[in-house]
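# Tertiary structure, described
This is what each chain is made of:
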There are 4 protein chains.
Amino acid sequence: MKRDKPKFKQIIDAAVVVIAENGYHQAQVSKIAKQAGVADGTIYLYFKNKEDILISVFQEKMGLFVENLKAIISDGSTSSEKLLKMVENHFRVLATDHHLAIVTQLELRQSNKEIRMKINEVLKEYLMLLDDILIEGLENGEFQEELDIRLARHMVFGTIDETITTWVMNEQKYDLMKLAPKVHRLLMSGMKS
Amino acid sequence: MKRDKPKFKQIIDAAVVVIAENGYHQAQVSKIAKQAGVADGTIYLYFKNKEDILISVFQEKMGLFVENLKAIISDGSTSSEKLLKMVENHFRVLATDHHLAIVTQLELRQSNKEIRMKINEVLKEYLMLLDDILIEGLENGEFQEELDIRLARHMVFGTIDETITTWVMNEQKYDLMKLAPKVHRLLMSGMKS
Amino acid sequence: MKRDKPKFKQIIDAAVVVIAENGYHQAQVSKIAKQAGVADGTIYLYFKNKEDILISVFQEKMGLFVENLKAIISDGSTSSEKLLKMVENHFRVLATDHHLAIVTQLELRQSNKEIRMKINEVLKEYLMLLDDILIEGLENGEFQEELDIRLARHMVFGTIDETITTWVMNEQKYDLMKLAPKVHRLLMSGMKS
Amino acid sequence: MKRDKPKFKQIIDAAVVVIAENGYHQAQVSKIAKQAGVADGTIYLYFKNKEDILISVFQEKMGLFVENLKAIISDGSTSSEKLLKMVENHFRVLATDHHLAIVTQLELRQSNKEIRMKINEVLKEYLMLLDDILIEGLENGEFQEELDIRLARHMVFGTIDETITTWVMNEQKYDLMKLAPKVHRLLMSGMKS
DNA sequence: GATGAATGAGCTTTCATTCAT
DNA sequence: AATGAATGAAAGCTCATTCAT
């Protein structure tokens, strides 16, 4: 399997670095190849085309979020605690890998609709795990019973995403991780006094 | 002033149509010129370059949101009511203009980082009005006193944005306006039961 | 009409020169543009793509043969004389334009099947005029009555083509025109003593 | 000698199949290797380069024509009969091997000038045997004494070639062999009534 | 002898922008 | 002010060939 060969990951990682440092539209295949330490043609032994690299970047890296989230869900804590851990996990992964943060929050969004659609399919798995948490909290009475799952999903993900994007745009100047509990509390209690 | 001449708006509107119908990367200057009924070169009498068109599109159209929001703020209702009206306003403007919805939620996000930074500056005025509502609610005791304005802003805008984007991606199949009260209630009360 | 603008012919002629001097596979669009004294992009204002240039070369130049042949046919001479004039015409046009001779006999044949199919369509018009001569000669008794038009066409065109190709391959060292009457006599009388 | 090892012929035959089925420009070395059941690198143990494969294809297959023609010449018949047998032989070999017919009449002609020059050298042996027939017919009075050997060669070969190419282009729909006697008669008696 | 992973040179086409009219 | 013909830079991908195993 190509995905398991060392050069596959090597190229994926090179792509993240190149895109983060040069921007999406300045991330030429030849630059990625150079960064990965392989010839241009070698890229095409592992990826169908440039688009395939970008989607694979997202798939491979999104895997981190999903795997962690699965572990979080299966531990015995409350739904609220799971939600907190999810926010922390999301923040932590991106706070740890600055390049990746730039790529997912800013650069990859410049891709064309076709690529974005495929990226969204990958995202769906993540959002379905979020739905699992929300449904569980609903059923065990932790969350208010009128809660609209779809809207709650939008709120949770939208808040997380907007918070991280702003942090990235501010050049990651402050400590993102510190915001996790406050974001969690806000999502849980809303704004009303 | 160029902004007041008829051809300026003509070109802006043409840009919205062309981008919505062809996608960001297929919105060539020549197509916009044709749609606007002017020659390619004429575009450059009104705009510095293509980038300038895109930013102007956002500036002109964002004006709608801002103006409406200012009116909303200055009426005598409670902060919570203002927040509801803001969500309704945001939803209404985009639900009314399908082309504009596609352009702001999907297509314009494919622009490069530089353009997006400038678009964000335009957004700032809108977000500052949102901050005004939040501060007011904080001061008059409607909102909980530990509320972190910045995070609340992320939550409100992130939720609105995520909700609309999903609606656009689902080809605007359901009634967006109907979601406004529920979104508002969710933001106000949070998820906790 | 694009075909009538001066730059159209300018580019066609440049293509003939570049292909003749560099060979089919070394005739890059940029070389043709340079030879024509225009920018690379200008080529694409007059031609859909590179393939379109090559087919147009053949169409434009083949026009010479066809037009001359039409004039020949409509004059009052015998079928045999018409055949002689056809051979002379074919030889003369290519003997006069060495570049064109190389292009039609050697280089253009390297094009892919698709282009060759389109070139053949152009050729068909020429061969149909040849058929007209053959049919006439058959009907007025100049040619033997068992003559198979299709085979005769193959013989006439095959002989002409093979003769010219050999002449081009021998670097056009001898006088092609001088061969015309002998070729004509051979076609008319066959080899039998 | 490499030519005698089984893999040599194996690769040659694979090349004919691949070129016939995929066309000249889609006949990559890796495809030929796969069809031959060997590794890409193995090709280069038997052939200097890709060009060498193509020329060898022609050499090996042309051997069939030449050998047959030698046998024909050395039997005791008249020059005219030899010419008929030559046409029949040429038609038969290609009518029997459809792949080969496509390769020699259409695909191999797309090769570059250099390869075609070398192919022509291979052809020369065949054409020299044709010359032998023509000279003999001239000396024994079967052919008219003013016959220009070179032109007669062009006529014979050009007619044969044009006839076969047209047959191949028409997807070999009719019986090529049936045309042999008529082609022979036409070459012998010419068109004059 | 045989393999096949790796190499890297090479080219068509698009499109934002200009400027002579 | 308006036009639109002309410009020219820029990049993804293929495939013949090599060479370590």
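The structure displayed is predicted, hence computed values, not measured ones.

Along the backbone of chain A there are 9 helices and 0 strands. By principal-axis analysis of the C-alpha atoms, chain A measures approximately 60 × 35 × 30 Å. Going through the 193 residues of chain A one by one, you find that 54% of them count as buried. Taking contacts inside chain A between residues at least 6 apart in sequence as the whole, the part at least 24 apart equals 70%. Per element, the accessible surface of chain A, about 8700 Å² overall, is 52% carbon and sulfur. Charge separation in chain A, taken as the distance between the mean sites of 26 positive and 28 negative side-chain charges, equals 6 Å.

Laying chain C over chain D is done by rotating through 179 degrees and shifting 0.3 Å along the axis; what remains is an RMSD of 0.3 Å. Here the transformation between the copies is reduced to the relation of a two-fold axis. Comparing interface residues between copies, 100% of those in chain C also lie at the interface in chain D; the contact surface is shared.

Attention now moves to the environment of A:I149. Residue and element names in this part refer to chain A. Among the secondary structure elements, I149 is positioned in helix α8 (residues 149-169). Sequence-wise, I149 and V38 are 111 residues apart; in three dimensions their C-alpha atoms are separated by 47 Å. Every residue in contact with I149, bar those within four places of it in the chain, is listed here: D131, L134, I135 and L138.

Our next topic: helix α5 (residues 79-96) of chain C. Residue and element names in this part refer to chain C. Counted at 1.5 Å a residue, the expected span for α5 with its 18 residues is 26 Å, and the 25 Å between its end C-alpha atoms agrees. Along α5, the positions that sit buried rather than exposed are S79, S80, K82, L83, M86, V87, N89, H90, F91, V93 and L94. Its buried side turned inward, α5 meets α4 (50-74), α6 (98-107), α7 (113-139), α8 (149-169) and α9 (180-189).

Around DNA strand F sit 27 residues, and of these B:K7, B:T42, C:K7, C:T42 and D:Q28 come closest. Backbone atoms, meaning sugar and phosphate, make up 74% of the atoms of DNA strand F lying within 4 Å of the protein. Interatomic distance of 2.8 Å between a side-chain N/O atom of A:Y44 and a phosphate oxygen of DNA strand F. Between DNA strand F and A:K50, the relevant distance is 2.9 Å, taken from a phosphate oxygen to a side-chain nitrogen or oxygen of the residue. Taken together, the elements giving at least two residues each to the surface near DNA strand F come down to α3 (40-46) of chain A, α3 (40-46) of chain B together with α3 (40-46) of chain C. When its residues are assigned to classes, the surface near DNA strand F shows 12 nonpolar, 10 polar and 5 charged.

Chain A makes no contact with chain D; the smallest distance between any of their C-alpha atoms is 14 Å. Between chain B and chain D there is no contact, and the shortest C-alpha to C-alpha separation is 32 Å.

According to the stated counting rule, one finds 43 salt bridges over all chains in the structure shown. Note that B:E171 and B:K173 form a salt bridge whose closest N and O atoms lie 3.8 Å from each other. For the pair formed by B:E171 and B:K173, the shared burial category is exposed. When salt bridges that share partners are traced, they join D:R3, D:K9 and D:E60 into one network.

Counting residues at the interface gives 43 residues for chain C, matched by 44 residues for chain D. Summing the contributions of chain C and of chain D, the shared interface buries around 4100 Å²; its carbon and sulfur component is 62%. One can count 3 salt bridges joining chain C with chain D. The partner of C:K182 in a salt bridge is D:D148, and the shortest N-O contact between them spans 3.0 Å. Taken together, the links from chain C to chain D amount to 18 residue pairs in polar contact (both at pLDDT 80 or more). Among the secondary structure elements, those contributing two or more residues to the side of chain C that touches chain D are α6, α7, α8 and α9 of chain C.

The UniProt feature table records "DNA-binding region" (unreviewed entry) at residues 28-47 of chain A. Overall, residues 28-47 of chain A shows 75% helix and 0% strand. The separation of its end C-alpha atoms is 14 Å.

With that out of the way, let us pick up the protein's contact with DNA strand E. Close to DNA strand E lie 29 residues, the nearest being A:T42, B:Q28, C:Q28, D:K7 and D:T42. Backbone atoms, meaning sugar and phosphate, make up 72% of the atoms of DNA strand E lying within 4 Å of the protein. For DNA strand E, a phosphate oxygen lies 2.9 Å from a polar atom in the side chain of B:K50. In terms of residue count, helix α3 (residues 40-46) of chain D provides more of the surface near DNA strand E than any other element does, 5 residues in total. In the surface near DNA strand E, the residues fall into 12 nonpolar, 11 polar and 6 charged.

Turning our attention to the interface of chain B and chain A. In many analyses, interface size is given as the accessible surface area lost on bringing the parts together. Contacts between the two partners involve 44 residues from chain B, matched on the other side by 44 residues from chain A. Surface buried jointly by chain B and chain A totals about 4100 Å² across both partners, of which 62% is contributed by carbon and sulfur atoms. For the pair chain B and chain A, the interface holds 3 salt bridges. Connecting chain B to chain A are 10 residue pairs in polar contact (both at pLDDT 80 or more). Taken together, the elements giving at least two residues each to the side of chain B that touches chain A come down to α6 (98-107), α7 (113-139), α8 (149-169) and α9 (180-189) of chain B. The greatest single-element share of the side of chain B that touches chain A, amounting to 13 residues, is contributed by α8(B). Counted by class, the side of chain B that touches chain A contains 19 nonpolar, 15 polar and 10 charged residues.

What counts and what doesn't
- Residues numbered from 1 in each chain as written.
- Chains lettered and ligands numbered in written order.
- Predicted model: local features only at pLDDT ≥ 70, side-chain atom pairs only at ≥ 80, totals over all residues.
- Heavy atoms only, no water.
- Helix = DSSP H or I, 4+ residues; strand = E, 2+ residues; numbered from the N terminus.
- Buried < 20%, exposed > 50% of the residue type's maximum accessible area, 1.4 Å probe, protein only.
- Contact = heavy atoms within 4.5 Å.
- Areas by Shrake-Rupley, 256 points an atom, 1.4 Å probe, with all protein chains shown as cover.
- Lys, Arg positive; Asp, Glu negative; His and termini not counted.
- Charge placed at Lys NZ, Arg CZ, Asp CG, Glu CD.
- Least-squares fit on C-alpha atoms with pLDDT ≥ 70 in both.
- Expected span 1.5 Å × (residues − 1).
- Near = heavy atom within 4 Å.
- Polar contact = N/O pair within 3.5 Å; in protein donor to acceptor, adjacent residues only side chain to side chain.
- Nonpolar A, V, L, I, M, F, W, Y, C, P; charged D, E, K, R; others polar.
- Salt bridge = Lys/Arg side-chain N within 4 Å of Asp/Glu carboxyl O.
- Buried area = accessible area lost by both parts, 1.4 Å probe.
- UniProt positions renumbered as here; feature names shortened; annotations may be inferred.

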